[in-house]
Amino acid sequence: EDQVTQSPEALRLQEGESSSLNCSYTVSGLRGLFWYRQDPGKGPEFLFTLYSAGEEKEKERLKATLTKKESFLHITAPKPEDSATYLCAVIRNQAGTALIFGKGTTLSVSS
Amino acid sequence: SAVISQKPSRDICQRGTSLTIQCQVDSQVTMMFWYRQQPGQSLTLIATANQGSEATYESGFVIDKFPISRPNLTFSTLTVSNMSPEDSSIYLCSVKEITDTQYFGPGTRLTVL
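None of these values were measured; they are calculated from a predicted model.

(A) Representation of the overall build of chain B. A count of helices and strands for chain B gives zero helices and 11 strands. Starting at the N terminus and walking to the C terminus, you meet the elements of chain B as β-β-β-β-β-β-β-β-β-β-β. On C-alpha atoms alone, chain B measures out to a radius of gyration of 13 Å, which is about the 13 Å that the 2.2 N^0.38 rule sets for 113 residues. With respect to the principal axes defined by its C-alpha atoms, chain B has extents near 40 × 25 × 20 Å. The long-range share in chain B, meaning contacts at least 24 apart out of those at least 6 apart in sequence, stands at 53%. The distance from the centre of the 8 positive side-chain charges to the centre of the 9 negative ones in chain B is 7 Å.

Below, the structure written as structure tokens:
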């Protein structure tokens, strides 16, 4: 069965304290992996798409990387405004357009 | 990316009633989807809204419970029928353009008493 697992479920950081979020997946034929950010009471906001092992994408303090079994979202010197739930999703080659989501990691950054 | 709006943003309903949620996009899009986000759970795809034809439902979701309409390329509705407290959730529409990336609306927070 296709599965996406995110860890940790929750992460508390001090401002400036870098860390990484993990997304491990077991899918038959990965076509792409997506990272979203979700603020309370809002819909998910698209961050990155990764298609190939070894691929990296960066945006401000965030960098996403992909291997054959997992993806990492690295947060460098986070600020309080980076506090949110970060969602990982995958899409399979044979599944058309259905996204399979993990449960997310809730990040809290305190000043 | 497309700008997506949903109505209502939230509602509190009595069990046994139905609620229709609207999703409006500011440009024509190829595909529209409806998701459910239950507390502590992953976003789960309910169905793909097909323009001019019946929606395509995922396993565990049926048309009688979640009828969907898509009359044109910018608008879709999801109805949650004969509601029970287990239907309390956030309902989200998303759109897909040329690439695989899906963009989400702000969501509708539904509470069923």
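Now, onward.
(B) Structural view of the state of the cysteines. Here the structure, examined in full by the defined rule, presents two disulfides over all chains. C23 of chain A shares a disulfide with C88 of chain A; S-S distance 2.0 Å. Its torsion about the S-S bond being -65 degrees, the disulfide of C23 of chain A and C88 of chain A is classed as left-handed. With C23 of chain A in strand 3 (residues 19-26) and C88 of chain A in strand 9 (residues 84-92), the pair connects residues that are 65 residues apart, well separated along the chain. The same class applies to C23 of chain A as to C88 of chain A, namely buried. Two residues, C23 of chain B and C93 of chain B, share a disulfide whose sulfurs are 2.0 Å apart. With the S-S dihedral at roughly 65 degrees, the linkage between C23 of chain B and C93 of chain B falls on the right-handed side. One end of the pair, C23 of chain B, is in strand 3 (residues 19-25); the other, C93 of chain B, is in strand 9 (residues 89-96), with 70 residues separating them in the sequence. With a relative accessible area of 1%, C93 of chain B lands in the buried category.

(C) Focus on the pairing of strand 7 (residues 62-66) of chain A. Residue and element names in this part refer to chain A. Of all the five residues making up strand 7, four are buried; the element is thus mostly covered by neighbouring parts of the structure. Judged from the four bridges that link them, strand 6 (residues 56-59) and strand 7 form a sheet pairing that is antiparallel. Its bridge partner being in strand 7, E56 is matched across the sheet by T65. Both strand 7 and strand 8 (residues 70-75) contribute to a ladder of five bridges, which runs antiparallel. Bridged to L62 within strand 8 is I75. Hairpin connection between strand 7 and strand 8: a loop of three residues separates the two successive antiparallel strands.

(D) Representation of the pattern of salt bridges within the structure. This model, assessed by the stated rule, comprises seven salt bridges over all chains. With a shortest N-O distance of 2.6 Å, D2 of chain A and R92 of chain A are connected by a salt bridge. Here D2 of chain A, found in the segment before strand 1 (3-7), pairs with R92 of chain A, found in strand 9; they are 90 residues apart in sequence, far enough to count as distant. A residue is classified by how much of its surface remains accessible, and D2 of chain A, at 22% relative accessible area, is partly exposed. When the shortest N-O distance is used, the salt bridge between D87 of chain B and K65 of chain B registers 2.6 Å. Here the residue D87 of chain B occupies a position in the loop between strand 8 (75-80) and strand 9, and K65 of chain B occupies one in the loop between strand 6 (56-57) and strand 7 (68-72), the gap between them amounting to 22 residues.

Definitions and limits used
- Residues numbered from 1 in each chain as written.
- Chains lettered and ligands numbered in written order.
- Predicted model: local features only at pLDDT ≥ 70, side-chain atom pairs only at ≥ 80, totals over all residues.
- Heavy atoms only, no water.
- Helix = DSSP H or I, 4+ residues; strand = E, 2+ residues; numbered from the N terminus.
- Rg over C-alpha atoms; globule rule 2.2 N^0.38 Å.
- Contact = heavy atoms within 4.5 Å.
- Lys, Arg positive; Asp, Glu negative; His and termini not counted.
- Charge placed at Lys NZ, Arg CZ, Asp CG, Glu CD.
- Disulfide = S-S within 2.5 Å.
- Buried < 20%, exposed > 50% of the residue type's maximum accessible area, 1.4 Å probe, protein only.
- Pairing = 2+ DSSP bridges.
- Salt bridge = Lys/Arg side-chain N within 4 Å of Asp/Glu carboxyl O.

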